[in-house]
Amino acid sequence: MIHLIHIEILKLRRNPSFLILLALFVLSVVGVNYVAAEIVNGNKELEKVIKFTFPEVWKSVAYIASYVLVIPGLMVIMHTCAEYTYRTHRQNIIDGLSRDQYITAKVLFVLGLALFSSGVTFVVAWFIGSLSGAPFSFEGCKYMGYFFIHAVMFLGLALLFALFLKRSAITIGIFVTYWLVIENVAEKYLCKLDDFGQLVPLGSSEHLLALDAYRIVSLVHLMPERFYLSAAVVYIVACYAACYCRYRKQNL
Amino acid sequence: MNVLTISGITKHYKRVTALKNVSFSVPEGAVYGILGPNGSGKTTLLGIVTGVLRVSGGTYQFFDGARPLHELRKEMGVLLETPNFYPYLSAYQNLLIVARIKGCDPAGIPDVLQRVDLLARQHDMFRTYSLGMKQRLAIASALLGNPRIVILDEPTNGLDPEGISEIRRIIQQLAAEGKTILLASHLLDEVEKVCTHVAILRKGVLLAEGEIHEALSRGEKAASEVTTMELEADDPEQLARVVKGLAGVTEVQLSGRVAMLSCRAGTLTPQEVNRYCFDNGIVLGRLATKPKGLESKFLELTK
């Protein structure tokens, strides 16, 4: 496992696109949350919707950062598709990685990125919460765990799309369209049939983070958290299993 | 002992059948050439045995088949089609990734780069390399870790004559070290100069295989084989006129001062030709029997 992580680090540590996007992600999480906190803090009307003081800051920062996850999503897609473009994925197999090892290396990369994103979000939430002057509290810190689950799902789906489509531009286009349009339309349609319609792949983990105000506006009938959590875990397992199946059967 | 045994390999790409029931074995220490025109299935076959293509039918195994294929691939050096490297990394950094995958000592990287004359450029980005340099880096990568088996698919692509000669020297050196080499090429001269064994493919079908001269002498059209002799004398035109009258001669072509005489194999010996010329008042300055080239034999088989 360490051996696979080391190989991925060798590929990425001098990749300028990867490093620039990583820096942009950190700046975006810090910047967007800082600006939002500056606007909201002290505004009684806005504070009814979102709060950047402990303990609510964990949930608020996680919710906002979930939209910035699109940047690590791009990193996953670009890194995976670049291996197809340069044909280095097949060279890795020729040189002695098994197909399972290759895809495990990619899954570890995705999990590492999800962990890094969660770590950045945690630090930013702590920092923003501290700025408000409210006493520090770990209450509501579970939303950092939910953020990690959402990141694992979001980035895993990006990996799956990249493995199927292989070309960066088309994968980014289809993935973003799926995330912003297709899934929302599907959710709205399915919710007309039953509340379980909320449990679409990305939506399940997104609902774990959604602010109450958002849920009210989107007219979603709230379900117990355990439903969203269970659905997210099932989708994550299915998504990563699909990644393995896809790569095992592919002609490289 | 056979290094590789291929049994009834078939590969379909949707409606196209790229390989049809191909079987042969590669003995240890052989330099095994896989010959065939473009689209004959050479790269598909190598893609299957290197694990990048899924087989539609048949089996293959390295040695006794006991070890997992990906573990065996770490002991192989493979150049398949094009050089595949990360363009934003240097030659050294790219080979470092290969060394980590193979589990071999990165201390060997400078040696293989030296062998292909890239040591001075080892820290330059791969994307700044010329086509020939990329090809040489791919060969360096294949040599990393002192592999037991070397698989090279068109290794001289993009190389200048000096580079081609250097690759030929490396292949001969590897063969002398006892390594088994699989070499796919459509450059017949290349194969003729370095291979001990050959398999000839056409449209996915194996036409002949075995030791190089045995394999080429098989085939339906082998009976019509032609022997060529090169003759030189003071008066080449008179020489050409005279030898045309010799029984068994099928064709005489004058090329500068050299008369090229063709006859059916086994019908004329050099001694008979020499005596005939002398009896007709011509003293030969040179007489050489030219063995039939691999190219013409290959064209006969694959026609």
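What counts, and at which threshold
- Residues numbered from 1 in each chain as written.
- Chains lettered and ligands numbered in written order.
- Predicted model: local features only at pLDDT ≥ 70, side-chain atom pairs only at ≥ 80, totals over all residues.
- Heavy atoms only, no water.
- Helix = DSSP H or I, 4+ residues; strand = E, 2+ residues; numbered from the N terminus.
- Contact = heavy atoms within 4.5 Å.
- Areas by Shrake-Rupley, 256 points an atom, 1.4 Å probe, with all protein chains shown as cover.
- Rg over C-alpha atoms; globule rule 2.2 N^0.38 Å.
- Buried < 20%, exposed > 50% of the residue type's maximum accessible area, 1.4 Å probe, protein only.
- Salt bridge = Lys/Arg side-chain N within 4 Å of Asp/Glu carboxyl O.
- Polar contact = N/O pair within 3.5 Å; in protein donor to acceptor, adjacent residues only side chain to side chain.
- Patch = residues over 30% accessible without salt bridge, like charges linked within 9 Å, V, L, I, M, F, W, Y side chains within 5 Å.
- Pairing = 2+ DSSP bridges.
- pLDDT = per-residue confidence, 0-100.
- Axes fitted to C-alpha atoms, helices over the stretch in contact; angles between N-to-C directions.
- Phe/Tyr/Trp six-rings, centres within 6.5 Å; stacked < 30°, edge-to-face > 60°.
- Lys NZ or Arg CZ within 6 Å of the ring centre and 35° of its normal.

**A look at the overall build of chain B**
Step number 1: Within chain B, the secondary structure is distributed over eleven helices and 13 strands.
Step number 2: Based on the C-alpha atoms only, the size of chain B along its principal axes is roughly 75 × 45 × 35 Å.
Step number 3: Relative to all contacts within chain B whose residues are 6 or more apart in sequence, the contacts with residues 24 or more apart total 67%.
Step number 4: In the structure as shown, chain B presents an accessible area of about 13900 Å², 49% of it carried by carbon and sulfur atoms.

**Re the overall build of chain A**
Step number 1: A count of helical and extended segments in chain A gives twelve helices and zero strands.
Step number 2: Beginning at the N terminus, the succession of helices and strands in chain A can be written as α-α-α-α-α-α-α-α-α-α-α-α.
Step number 3: The globule rule puts the C-alpha radius of gyration for 252 residues at 18 Å, and the 19 Å found for chain A is close to it.
Step number 4: Taken over 252 residues, chain A has a buried fraction of 51%.

**Some remarks on the interface of chain A and chain B**
Step number 1: The interface is formed by 29 residues belonging to chain A together with 27 residues belonging to chain B.
Step number 2: At the boundary of chain A with chain B, the tally comes to two salt bridges.
Step number 3: With a shortest N-O distance of 3.6 Å, A:Arg87 and B:Glu81 are connected by a salt bridge.
Step number 4: Here chain A is connected to chain B by 15 residue pairs in polar contact (both at pLDDT 80 or more).
Step number 5: At the level of elements, helix H1 (2–12), helix H6 (88–95), helix H7 (99–131) and helix H12 (225–249) of chain A are the ones that each hand at least two residues to the side of chain A that touches chain B.
Step number 6: At seven residues, the largest contribution of residues to the side of chain A that touches chain B is made by H6(A).

**Examining a nonpolar patch on the surface**
Residue and element names in this part refer to chain A.
Step number 1: On the surface, Tyr-34, Val-35, Ile-39, Leu-46, Phe-127 and Leu-131 cluster together into a nonpolar patch covering about 540 Å² of accessible area.
Step number 2: Ranked by residues supplied to the nonpolar patch, first place goes to helix H2 (residues 16–40) with three residues.
Step number 3: Mapped onto the secondary structure, Tyr-34 falls in helix H2.

**Focus on the pairing of strand E2 (residues 16–27) of chain B**
Step number 1: Relative to E2(B), strand E1 (residues 2–13) of chain B runs antiparallel, the two being bridged by eight bridges. Bridged to B:Tyr13 within E2(B) is B:Val16.

**A few points about the confidence of the model for chain B**
All names here are of chain B.
Step number 1: Averaged over all residues, the pLDDT of chain B is 86; the fraction at 70 or higher stands at 92%.
Step number 2: By mean pLDDT, the top-scoring element of chain B is helix H3 (residues 91–102) (95), and the lowest-scoring one is helix H11 (residues 294–302) (67).
Step number 3: Contacts for the low-pLDDT stretch residues 219–223, under 50 throughout, to residues beyond four places or in other chains number four contacts.
Step number 4: In the predicted assembly, ipTM is 0.88 and pTM is 0.81.

**Focus on the sheet that holds E1(B)**
Adjacent strands of a sheet pair through backbone hydrogen bonds, lying either parallel or antiparallel.
All names here are of chain B.
Step number 1: An order of E2-E1-E4 is seen for the three strands of this open sheet, with the pairing classed as antiparallel. Of all the strands in the sheet, the pair left with one neighbour each is E2 and strand E4 (57–62). Shown here is a sheet whose adjacent strand axes are inclined to one another by a mean of 15°, direction ignored.
Step number 2: Packed on one face of the sheet, helix H1 (residues 42–49) meets E1, E2 and E4 and runs near 115° to E1.

**A short note on the side chain of A:Ser118**
Residue and element names in this part refer to chain A.
Step number 1: The topology assignment puts Ser-118 in helix H7.
Step number 2: In this structure Ser-118 comes out as buried when scored by relative accessible area, which is 9%.
Step number 3: Within the local environment of Ser-118, its side chain forms a polar contact with the backbone oxygen of Ala-114, the two atoms lying 2.7 Å apart.
Step number 4: Setting aside residues no more than four positions away along its own chain, Ser-118 makes contact with Met-144, Phe-147 and Phe-148.

**Regarding the packing of aromatic side chains**
Step number 1: Here the structure, examined in full by the defined rule, presents 24 aromatic pairs over all chains.
Step number 2: Judged by centre distance (5.7 Å) and plane angle (50°), the rings of A:Phe54 and A:Trp58 are tilted.
Step number 3: Ring centres of A:Tyr63 and A:Tyr67 lie 5.5 Å apart, and the angle between their planes is 85°; on these two criteria the pair is classed as edge-to-face. In this pair, A:Tyr63 and A:Tyr67 are both assigned in helix H4 (residues 57–68), four residues apart and thus about one turn of the helix distant.
Step number 4: The exposure class assigned to A:Tyr63 is buried, which follows from its relative accessible area of 14%.
Step number 5: Within the aromatic cluster, the residues linked to one another by ring pairs are A:Tyr63, A:Tyr67, A:Phe154, A:Phe161, A:Phe175, A:Tyr178 and A:Trp179.
Step number 6: Residue placement shows A:Arg246 over the ring face of A:Phe164; its charged tip is 4.5 Å from the ring centre.
Step number 7: Looking at B:Lys134, its charged tip hangs above the ring of B:Phe126, at a distance of 5.3 Å from the centre.

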